[in-house]
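Descriptive structure summary
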2 protein chains.
Amino acid sequence: MPVTQWWAEQAWRGGPGLDEGVLIETDGDRIVDVRSGLAPPPGAVRLEGVVIPGMANAHSHCFHRALRARTQDQRGDFWSWREAMYAVAGRLEPDTYLALARAVFAEMALAGITCVGEFHYLHHGRGGVAYAAPNAMGEALVAAAADAGIRITLLDTCYLSGGIGVPLEGVQRRFGDADAAAWARRAGALCPLAHARVGAAVHSVRGVPAEQMGTVAEWAAAHAAPLHVHLSEQPAENQACLAAYGCTPTQLLGNHGVLGERTTAVHATHLSDADVALVAGTRTAVCMCPTTERDLADGIGPARALTSAGSPLVLGSDSHAVVDLLEEARAVELDERLRSGRRGHWSAAELLRAATVDGHVALGWPEAGRLEPAALADFVSVDLRTPRAAGAGASHELAALVFAAGAADVRDVVVGGRRVVAGGRHQRIEDVWGALTDAIAAVTG
Amino acid sequence: MPVTQWWAEQAWRGGPGLDEGVLIETDGDRIVDVRSGLAPPPGAVRLEGVVIPGMANAHSHCFHRALRARTQDQRGDFWSWREAMYAVAGRLEPDTYLALARAVFAEMALAGITCVGEFHYLHHGRGGVAYAAPNAMGEALVAAAADAGIRITLLDTCYLSGGIGVPLEGVQRRFGDADAAAWARRAGALCPLAHARVGAAVHSVRGVPAEQMGTVAEWAAAHAAPLHVHLSEQPAENQACLAAYGCTPTQLLGNHGVLGERTTAVHATHLSDADVALVAGTRTAVCMCPTTERDLADGIGPARALTSAGSPLVLGSDSHAVVDLLEEARAVELDERLRSGRRGHWSAAELLRAATVDGHVALGWPEAGRLEPAALADFVSVDLRTPRAAGAGASHELAALVFAAGAADVRDVVVGGRRVVAGGRHQRIEDVWGALTDAIAAVTG
């Protein structure tokens, strides 16, 4: 395969600002060279707008997309929303799951997301009966990502209990394996592909009894795989954990080997100062999902304290109330402002690193999310010649990209050297609106 | 002028859902008939998407738009941000103010905003010297709105002190009249036009000494004009007011006749329960500006408590960190969720009423913001056939519009029976990006 040249007027190469006249050379699925200050060579593919590395959506439950706009007129809280979410979970089968995931991953591609971490717990058929192919559901997700042209880390999730000391009930039985050892056997049968890797997840301290957690952590360590876990999204989880175990969820995870450099704690909303010290001290990454945390009335987690103390920051669109990693990036900063009364907690470049390189590390793709030789050829162009982004001036264009642009401004998306989106249109799934409409109608009442 | 027929597949006529096949007939600048359930008649203008009434941006400082993306890498707070804002204020003259306002109002038109309330305090030349035409700056704003094709309520602002007991200093001297009587004489010389009305504003308890407030309130009453005021945006204002006057800003405004049915209190962030009761008990409207309140680290005001107790809710984009009234609408709900831990404080229809009919009432245009006979012919179409809005299903389309669509999805904008935006393009100002870029470059360092 010959070298391909891609040229953009501007690109972000990881520093505090943008480079001008950037030529990216790719060979197959890899970047082989990146240079700035060049005019477009004849034959180069011109990318429209500012080029950034592909973005990593580090926390996704793709089927929650079916609920967008469908629960907004309901009163209630996280727990009543969960009932609506379970109703969708109850209807999914491998074919409908594939169709829905393909459409949602296509929406992600259009938003400049080139890698998704799918926190996957809907493993089994109705009543919890295993499919003939035990990983039929996970394999549907992997196939959907291939169809949509993006990478996936399938975070196969261990989910054994409906609450601390409470058995799985109703639709939850579809989530459960017999125990963590059975989970490990099933997850171990999943094979990585060029576009797909496998990671592990402990659903939460609600979903996995403490004595089973170590098995999952050991599996992840043995496979050098990422390990993700929901942490303290709601105060009720903290209260139940304290009552049952006499400690916080953070302490419980720490005691059972779940925290550490390969681990990502998702939400981390309701933490004590000691919890913050423990999460950050173990270099556990934290995945903030601020548009979901707003939507589900979770609250605002101590993101700045965690990252100042040593946790890498990554981002997820989680329930997909919004699929826009740039909006997630600025929302982390803006919600920290609401929490603190102060501005300027992260620079635009720091937020963009969370959306790109650090997100990829948390998903086990350390060779992606950066514009440099030997990295995977995953990159995205964002149009800043819009009313939204106008007026920033040369020295603030990166801030305009992070604080004013969004998914609607993404023009080109290249994954592994292949153009998945061109001029804002998905090249394989022509009608993403129609695909979403049909796939969601098939699984909603 | 003959009757014009406009037809849309769907429209929101104020109820909990959307009507299908809606025909709007206009004669000159008025709607003369609205009917649902019809096929498009031959010769009707087809509007693309879901039609809603024109939106009212009830709180704008248009020149703050120059700061978008330019202060995001700064640390600090509201007060340090204000220094950057003052630097822009110091550079503006009638010609540059006109050019900037025209571009910003064009951005608003593209976002479906058909009426803006411009909280205008930059009255005088350098050093506070009056222009030969004493309202040269306000008239520039009125002309800019005409150029951009939208309505304006010029909320001419009385701003006499730099803090309680502190004289105006530096650039603030451009804001000040000699006293409230001098303000009233100058404001009284402003003439309404077909597209422009005049209202009054008390800047804040910081900007107007208590004994001067009554003059402004009386002027507004005598002119049956809207009266706006910044209220408790920052805790420091409350502390200064308590120290100087022995009461809260709300109480002070109440004691001096500033609250009431024609008044809109902007922000209302840091209120006591007694303040809430006083604001709502006087039927004072509250203008929430949540994207600005996030950006400036103001905090989250008690919007639900105020509106439950009787205050109409309206919305503003204020500093224009974002110009998207649909984003403001959902942000009020989402930030209330962060505050309360509960979901479902307002329905989509209630939020859309804030953005349309109630916003227009607060700006003194009670005959606008509704799709009904005799109303002004101001309406907007929003495309829901996007990946963002897909999947809501027939019974949740209004929620998709409010919770998932945005400024980028606005297709057609009609003001007074004339199409200002068609297919997402401004019909008079061809290159809004360029207009913003040039106008902002002219007034920034």
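First things first, this report covers the structure right here in the doc. (Residues numbered from 1 in each chain as written. Chains lettered and ligands numbered in written order. Predicted model: local features only at pLDDT ≥ 70, side-chain atom pairs only at ≥ 80, totals over all residues. Heavy atoms only, no water.)

Quick word on the overall build of chain A
In terms of regular secondary structure, chain A is built from 15 helices and 18 strands. Computed over its C-alpha atoms, the radius of gyration of chain A comes to 21 Å, within 12% of the 22 Å expected for a compact globule of 445 residues. A total of 445 residues make up chain A; the buried ones form 65% of that total. Contacts in chain A between residues far apart in sequence, at least 24 positions, make up 74% of those at least 6 positions apart. A total accessible area of about 14000 Å² is found for chain A, and carbon and sulfur atoms account for 52% of it. Side chains of chain A give 37 positive and 50 negative charges; the mean places of these two sets differ by 2 Å. (Helix = DSSP H or I, 4+ residues; strand = E, 2+ residues; numbered from the N terminus. Rg over C-alpha atoms; globule rule 2.2 N^0.38 Å. Buried < 20%, exposed > 50% of the residue type's maximum accessible area, 1.4 Å probe, protein only. Contact = heavy atoms within 4.5 Å. Areas by Shrake-Rupley, 256 points an atom, 1.4 Å probe, with all protein chains shown as cover. Lys, Arg positive; Asp, Glu negative; His and termini not counted. Charge placed at Lys NZ, Arg CZ, Asp CG, Glu CD.)

Some points on the relation of the copies chain A and chain B
Rotating chain A by 180° and translating it 0.0 Å along the rotation axis places it on chain B, where the RMSD comes to 0.0 Å. Interpreted geometrically, this transformation is the action of a two-fold axis. Considering only C-alpha atoms, the residue of chain A closest to the rotation axis is A:Ala408, which sits at 3.5 Å. The residues that chain A uses at the interface reappear at the interface of chain B in 100% of cases, marking a shared surface. (Least-squares fit on C-alpha atoms with pLDDT ≥ 70 in both.)

Focus: the sheet that holds strand 15 (residues 379-382) of chain B
Residues and elements named next belong to chain B. Strand order in the open sheet made by the 8 strands is 3-2-1-4-15-16-17-18, with mixed pairing throughout. Looking along the sheet, the strands with just one partner apiece sit at the ends: strand 3 (30-35) and strand 18 (425-426). Bridging between strand 1 (residues 4-11) and strand 2 (residues 19-27) involves 7 bridges; their strand directions are antiparallel. In the sheet register, Trp7 faces strand 2, and the bridge partner there is Leu23. (Pairing = 2+ DSSP bridges.)

Topic: the pattern of salt bridges
On inspection of all chains with the given rule, the structure shows 46 salt bridges over all chains. With a closest N to O distance of 3.6 Å, B:Glu25 and B:Arg35 form a salt bridge. One end of the pair, B:Glu25, is in strand 2; the other, B:Arg35, is in strand 3, with 10 residues separating them in the sequence. When its relative accessible area of 37% is taken as the criterion, B:Arg35 is described as partly exposed. B:Arg65 serves as the salt-bridge partner of B:Glu107, at 2.8 Å between the closest nitrogen and oxygen. Of this pair, B:Glu107 sits in helix 2 (residues 94-110) while B:Arg65 sits in the loop between strand 5 (55-60) and helix 1 (78-91), and the two are 42 residues apart along the sequence. Accessibility assignment for this pair places B:Glu107 and B:Arg65 in one class, buried. Counted as one network, the salt bridges with shared partners bring together A:Asp295, B:Glu333, B:Arg337 and B:Arg343. (Salt bridge = Lys/Arg side-chain N within 4 Å of Asp/Glu carboxyl O.)

Structural notes on the nonpolar core
Counting 142 residues, the largest nonpolar core has B:Ile52, B:Phe63, B:Leu92, B:Leu100, B:Phe105 and B:Leu401 as its most contacted members. If one sorts the elements of this core by residue count, helix 2 of chain B sits on top with 10 residues. When residues no more than four places from it in sequence are discounted, the contact partners of B:Ile52 are B:Trp12, B:Leu352, B:Leu371, B:Phe379, B:Val380, B:Val382 and B:Leu401. A:Trp12, A:Val50, A:Ile150 and A:Ala265 belong to the second largest nonpolar core, which has 141 residues in total. (Core = buried A, V, L, I, M, F, W, Y, C linked by side-chain atoms within 4.5 Å.)

What about the pairing of strand 16 (residues 410-415) of chain A?
Taken residue by residue, a regular strand's side chains alternate between the two faces of the sheet. Residue and element names in this part refer to chain A. Across the 6 residues of strand 16, 6 count as buried, placing the element largely inside the fold. Relative to strand 16, strand 15 (residues 379-382) runs antiparallel, the two sharing 4 bridges. Looking at the pairing, Ser381 lines up with Asp412 of strand 16. As judged from the 3 bridges shared by strand 16 and strand 17 (residues 418-422), these two strands associate in the antiparallel manner. Each bridged residue has a counterpart across the sheet, and for Val414 the counterpart in strand 17 is Arg419. If you look at the hairpin formed by strand 16 and strand 17, you'll find 2 residues sitting between the two strands, and Gly416 has a positive phi there, around 55°.

What to know about the interface of chain A and chain B
Between chain A and chain B, the residue contacts involve 54 residues of the former and 54 residues of the latter. Interface area for chain A against chain B, summed over the two sides, is near 4800 Å², with a carbon-plus-sulfur share of 53%. For the chain A face of the interface with chain B, the top three residues by lost area are A:Leu338, A:Arg343 and A:Trp433, together amounting to 18%. Taken together, the links from chain A to chain B amount to 6 salt bridges. (Buried area = accessible area lost by both parts, 1.4 Å probe.)

Quick word on the side chain of A:Thr264
Residues and elements named next belong to chain A. By the element assignment, Thr264 lies in strand 12 (residues 263-267). Overall, Thr264 belongs to the buried group, its relative accessible area being 1%. With near-sequence residues (within four places) excluded, Thr264 lies in contact with Leu227, His228, Val229, Thr284, Ala285, Val286, Cys287, Val314 and Ala362.

Considerations on the sheet that holds strand 12 (residues 263-267) of chain B
Residues and elements named next belong to chain B. In space, the 8 strands of this open sheet follow the order 5-6-7-10-11-12-13-14, with parallel pairing throughout. In this open sheet, the two strands that pair with only one neighbour each are strand 5 and strand 14 (313-315). Ignoring strand direction, the axes of neighbouring strands in this sheet form an average angle of 25°. Direction of pairing for strand 11 (residues 227-231) relative to strand 12: parallel, over a ladder of 5 bridges. Its bridge partner lying in strand 12, Leu227 is registered against Thr263. Contacting strand 5, strand 6 (113-120) and strand 7 (151-158), helix 2 runs over the sheet at an angle of about 140° to strand 6. On top of the sheet, helix 3 (residues 136-148) reaches strand 6, strand 7 and strand 10 (196-202); it is set at about 165° to strand 7, its chief contact. (Axes fitted to C-alpha atoms, helices over the stretch in contact; angles between N-to-C directions.)

That is the geometry; function is a separate question.
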